[in-house]
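Geometric and topological summary
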Amino acid sequence: DENLDALSYVNLGDGGIVVFRDPKESAKATGTATRTFDDAGDDHHDNAKPSDDDANNNNKTVVLVAPQQLRDFNLPYQLGWTNTDGPTLTFETPLHANVASFPVLPGDIVVVATDGLFDNVPLDEVASLVAAWDAAPPRRPADLAKQLCIRARDLALDEDRDSPFALLAKENDIMWGGTSSA
């Protein structure tokens with residue numbers, strides 16, 4: 001919303017929206033919880049006051065991670081239609097969507113993606129890819145999207161690592177090795 005300097009969004013299910021911001025700008029903004037990553041993916045801190053090193057390097061601060069909507073582990077809300085009668089509906093309606101607005105600043109980078117990205121690429125690595133893209137003009141959004149897709153595919157095919165999805169499955173006492181099948 002240009003009039004409000006806000007990102008308004010509707011999210012349903014396990015897709016994601018992440019907003020990245022320059023740490024210098026995050027320090028100026030009030031009311032934002034932040035997490036700063038450098039272009040190597042190192043997590044520096046969980047507050048809104050970046051160090052001088054953060055402000056002078058290619059770091060990105062995560063200022064929004066839109067919540068997923070899940071009935072249970074790996075059971076996301078889904079739009080759909082069913083012709084079954086009875087009190088139990090198997091799909092959600094648009095009324096179940098998470099509708100929200102978030103203040104954005106010039107220079108913020110918004111990544112909107114399916115669970116195919118976030119189930120396979122850790123958030124710190126997404127932040128690193130965003131920071132590297134932002135530091136290397138020309139900054140074409142299609143180039144960043146392609147880099148994120150290639151990385152998600154590469155990691156999804158890597159059977160020797162636990163994906164973020166696999167790690168979350170194990171936290172939920174579900175044995176899941178390797179990559180996400182999302």
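See the structure above.
A quick note: this is a predicted structure, and the numbers were derived from the prediction, not measured. (Residues numbered from 1 in each chain as written. Predicted model: local features only at pLDDT ≥ 70, side-chain atom pairs only at ≥ 80, totals over all residues. Heavy atoms only, no water.)

1. Side note on the overall build of the chain
Within the chain one finds 6 helices and 9 strands. For the chain, the residues scored as buried account for 38% of the 182 residues in total. Counting only carbon and sulfur atoms, one obtains 52% of the accessible surface of the chain, whose full area is about 10,800 Å². (Helix = DSSP H or I, 4+ residues; strand = E, 2+ residues; numbered from the N terminus. Buried < 20%, exposed > 50% of the residue type's maximum accessible area, 1.4 Å probe, protein only. Areas by Shrake-Rupley, 256 points an atom, 1.4 Å probe, with all protein chains shown as cover.)

2. With respect to helix H5 (residues 141-156)
In a regular helix each residue adds 1.5 Å, so 16 residues correspond to 22 Å; H5 covers 22 Å between its end C-alpha atoms and thus fits that length. Every buried residue of H5 is accounted for by Leu144, Leu148, Ala152 and Leu155. The buried residues of H5 occupy an angular sector of 70° when projected down its axis, which confines them to one face. Exposed positions of H5 whose direction lies more than 90 degrees from the buried face are Ala142, Lys146, Cys149 and Arg153. Taken together, the buried residues of H5 touch strand E9 (109-113), helix H3 (115-118) and helix H4 (123-134). (Expected span 1.5 Å × (residues − 1). Arc of directions from axis to C-beta. Contact = heavy atoms within 4.5 Å.)

3. Some words on the pattern of salt bridges
What the rule picks out here adds up to 6 salt bridges. As a salt-bridge pair, Asp134 and Lys60 come within 2.7 Å of each other at their nearest N and O atoms. Of this pair, Asp134 sits in helix H4 while Lys60 sits in strand E5 (residues 60-65); the two residues are 74 residues apart in sequence, bridging distant segments of the chain. By relative accessible area, Lys60 is classed as buried at 5%. The partner of Lys170 in a salt bridge is Asp162, with the nearest N and O atoms 2.7 Å apart. Each of Lys60, Asp134 and Arg139 takes part in one network of salt bridges that share partners. (Salt bridge = Lys/Arg side-chain N within 4 Å of Asp/Glu carboxyl O.)

4. Re the packing of H4 against H5
Across the interface, H4 lies against H5 with an axial gap of 10 Å and an inter-helix angle of 150°. Taken together, the axes of H4 and H5 lie roughly antiparallel to each other. Crossing hand, H4 versus H5: right-handed. Every residue of H5 that contacts H4 at Glu125, Val126, Leu129, Val130 and Trp133 is listed here: Pro141, Asp143, Leu144, Gln147, Leu148, Arg151 and Leu155. Among the residues forming the contact of H4 with H5, the class breakdown is 8 nonpolar, 1 polar and 3 charged. (Axes fitted to C-alpha atoms, helices over the stretch in contact; angles between N-to-C directions. Parallel < 35°, antiparallel > 145°, perpendicular 65-115°, else oblique. Left-handed = near helix turned anticlockwise from the far one by under 90°. Nonpolar A, V, L, I, M, F, W, Y, C, P; charged D, E, K, R; others polar.)

5. Some remarks on the nonpolar core
Judged by nonpolar contacts, the single largest core of 18 residues is most densely connected at Phe20, Val111, Leu117, Val126, Val130 and Leu148. Where this core is concerned, the elements lending two or more residues are strand E2 (16-21), E9, H3, H4 and H5. Residue contributions to this core peak at 5 residues, all from H4. By size, the runner-up hydrophobic cluster in this structure holds 7 residues, among which are Ile17, Leu64, Ala66 and Phe102. (Core = buried A, V, L, I, M, F, W, Y, C linked by side-chain atoms within 4.5 Å.)

6. Looking at the packing of aromatic side chains
Summed over the entire model, instances satisfying the criterion amount to 1 aromatic pair. A centroid spacing of 5.3 Å and a plane angle of 35° characterise the contact between Phe73 and Phe165, whose relative ring orientation is tilted. One end of the pair, Phe73, is in the loop between strand E6 (70-72) and strand E7 (75-76); the other, Phe165, is in helix H6 (residues 164-171), with 92 residues separating them in the sequence. The two residues Phe73 and Phe165 agree in class, both being buried. (Phe/Tyr/Trp six-rings, centres within 6.5 Å; stacked < 30°, edge-to-face > 60°.)

7. Looking at the environment of Arg21
When you line up the elements, Arg21 lands in strand E2. Distance from Arg21 to Val104, taken between C-alpha atoms, is 8.8 Å for residues 83 residues apart in sequence. From its side chain, Arg21 meets the backbone oxygen of Pro103 in a polar contact 3.1 Å long. At a separation of 2.7 Å, a polar atom in the side chain of Arg21 contacts the side chain of Asp108. (Polar contact = N/O pair within 3.5 Å; in protein donor to acceptor, adjacent residues only side chain to side chain.)

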